[in-house]
Amino acid sequence: MSRRVLLRGATVLATMDDARRELADAAVLVEGDVIASIGTSAALHDTAADEIVDLAGHVLLPGFVNTHH
(Lines give C-alpha, C1' and ligand atoms only; values in the text may rest on other atoms or scores of the structure.)
Protein backbone atom coordinates (compact mmCIF):
# COMPACT_ATOMS: atom_id res chain seq x y z
CA MET A 1 0.00 0.00 0.00
CA SER A 2 1.26 3.49 -0.87
CA ARG A 3 2.10 5.99 1.82
CA ARG A 4 -0.64 8.62 2.20
CA VAL A 5 0.35 12.19 3.05
CA LEU A 6 -2.24 14.90 3.69
CA LEU A 7 -1.06 18.46 3.12
CA ARG A 8 -3.66 20.74 4.70
CA GLY A 9 -4.30 24.29 5.81
CA ALA A 10 -2.55 25.95 2.86
CA THR A 11 -3.48 29.62 2.62
CA VAL A 12 -4.10 29.13 -1.09
CA LEU A 13 -3.84 26.24 -3.53
CA ALA A 14 -3.27 27.11 -7.20
CA THR A 15 -4.78 24.12 -9.01
CA MET A 16 -3.31 24.88 -12.45
CA ASP A 17 -6.45 23.31 -13.95
CA ASP A 18 -8.29 24.59 -17.04
CA ALA A 19 -10.49 26.85 -14.88
CA ARG A 20 -7.42 28.27 -13.08
CA ARG A 21 -9.11 27.67 -9.72
CA GLU A 22 -7.54 28.92 -6.51
CA LEU A 23 -8.76 27.31 -3.28
CA ALA A 24 -8.44 28.99 0.11
CA ASP A 25 -7.64 26.92 3.23
CA ALA A 26 -6.81 24.06 0.90
CA ALA A 27 -5.62 20.47 1.18
CA VAL A 28 -3.98 17.88 -1.06
CA LEU A 29 -3.90 14.13 -0.47
CA VAL A 30 -0.84 12.42 -1.96
CA GLU A 31 -0.76 8.62 -2.31
CA GLY A 32 2.74 7.44 -3.14
CA ASP A 33 3.83 9.84 -5.84
CA VAL A 34 0.34 10.67 -7.14
CA ILE A 35 -1.97 13.53 -6.20
CA ALA A 36 -5.09 11.59 -5.24
CA SER A 37 -7.39 14.43 -4.17
CA ILE A 38 -7.57 18.18 -3.72
CA GLY A 39 -10.12 20.29 -1.90
CA THR A 40 -10.64 22.43 1.15
CA SER A 41 -9.07 21.42 4.43
CA ALA A 42 -12.58 20.93 5.84
CA ALA A 43 -13.54 18.57 3.01
CA LEU A 44 -10.44 16.39 3.50
CA HIS A 45 -10.25 16.76 7.29
CA ASP A 46 -11.31 13.19 8.12
CA THR A 47 -9.14 11.58 5.43
CA ALA A 48 -6.92 8.79 6.77
CA ALA A 49 -3.23 9.55 6.22
CA ASP A 50 0.14 8.23 7.37
CA GLU A 51 1.40 11.78 7.77
CA ILE A 52 -0.32 15.16 8.06
CA VAL A 53 1.56 18.34 7.17
CA ASP A 54 0.25 21.74 8.29
CA LEU A 55 0.81 24.32 5.55
CA ALA A 56 -0.73 27.36 7.27
CA GLY A 57 0.76 30.52 5.79
CA HIS A 58 1.97 28.77 2.64
CA VAL A 59 0.96 28.72 -1.03
CA LEU A 60 0.63 25.23 -2.48
CA LEU A 61 1.46 24.55 -6.13
CA PRO A 62 0.94 20.80 -6.64
CA GLY A 63 2.98 19.31 -9.43
CA PHE A 64 5.09 22.44 -9.80
CA VAL A 65 8.81 21.80 -9.98
CA ASN A 66 11.03 24.77 -9.14
CA THR A 67 14.14 24.34 -11.28
CA HIS A 68 15.61 27.71 -10.29
CA HIS A 69 16.66 26.97 -6.72
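Before reading further, recall that the structure is shown in the block above.
Criteria and cut-off values
- Residues numbered from 1 in each chain as written.
- Predicted model: local features only at pLDDT ≥ 70, side-chain atom pairs only at ≥ 80, totals over all residues.
- Heavy atoms only, no water.
- Salt bridge = Lys/Arg side-chain N within 4 Å of Asp/Glu carboxyl O.
- Helix = DSSP H or I, 4+ residues; strand = E, 2+ residues; numbered from the N terminus.
- Buried < 20%, exposed > 50% of the residue type's maximum accessible area, 1.4 Å probe, protein only.

A separate point is the pattern of salt bridges. Within the structure shown, the criterion is met by 3 salt bridges. Its salt-bridge partner being R3, residue E51 comes within 2.8 Å of it at the nearest N-O pair. Separated by 48 residues along the polypeptide, E51 in strand 4 (residues 51-54) and R3 in the segment before strand 1 (4-14) bring together distant segments of the chain. The partly exposed category is assigned to E51, whose relative accessible area is 35%. With its nearest N and O atoms 2.5 Å apart, the salt bridge here joins E31 to R4. Here E31, found in strand 2 (residues 22-31), pairs with R4, found in strand 1; they are 27 residues apart in sequence, far enough to count as distant. A residue is classified by how much of its surface remains accessible, and E31, at 30% relative accessible area, is partly exposed. The exposure class of R4 is partly exposed, given its relative accessible area of 22%.

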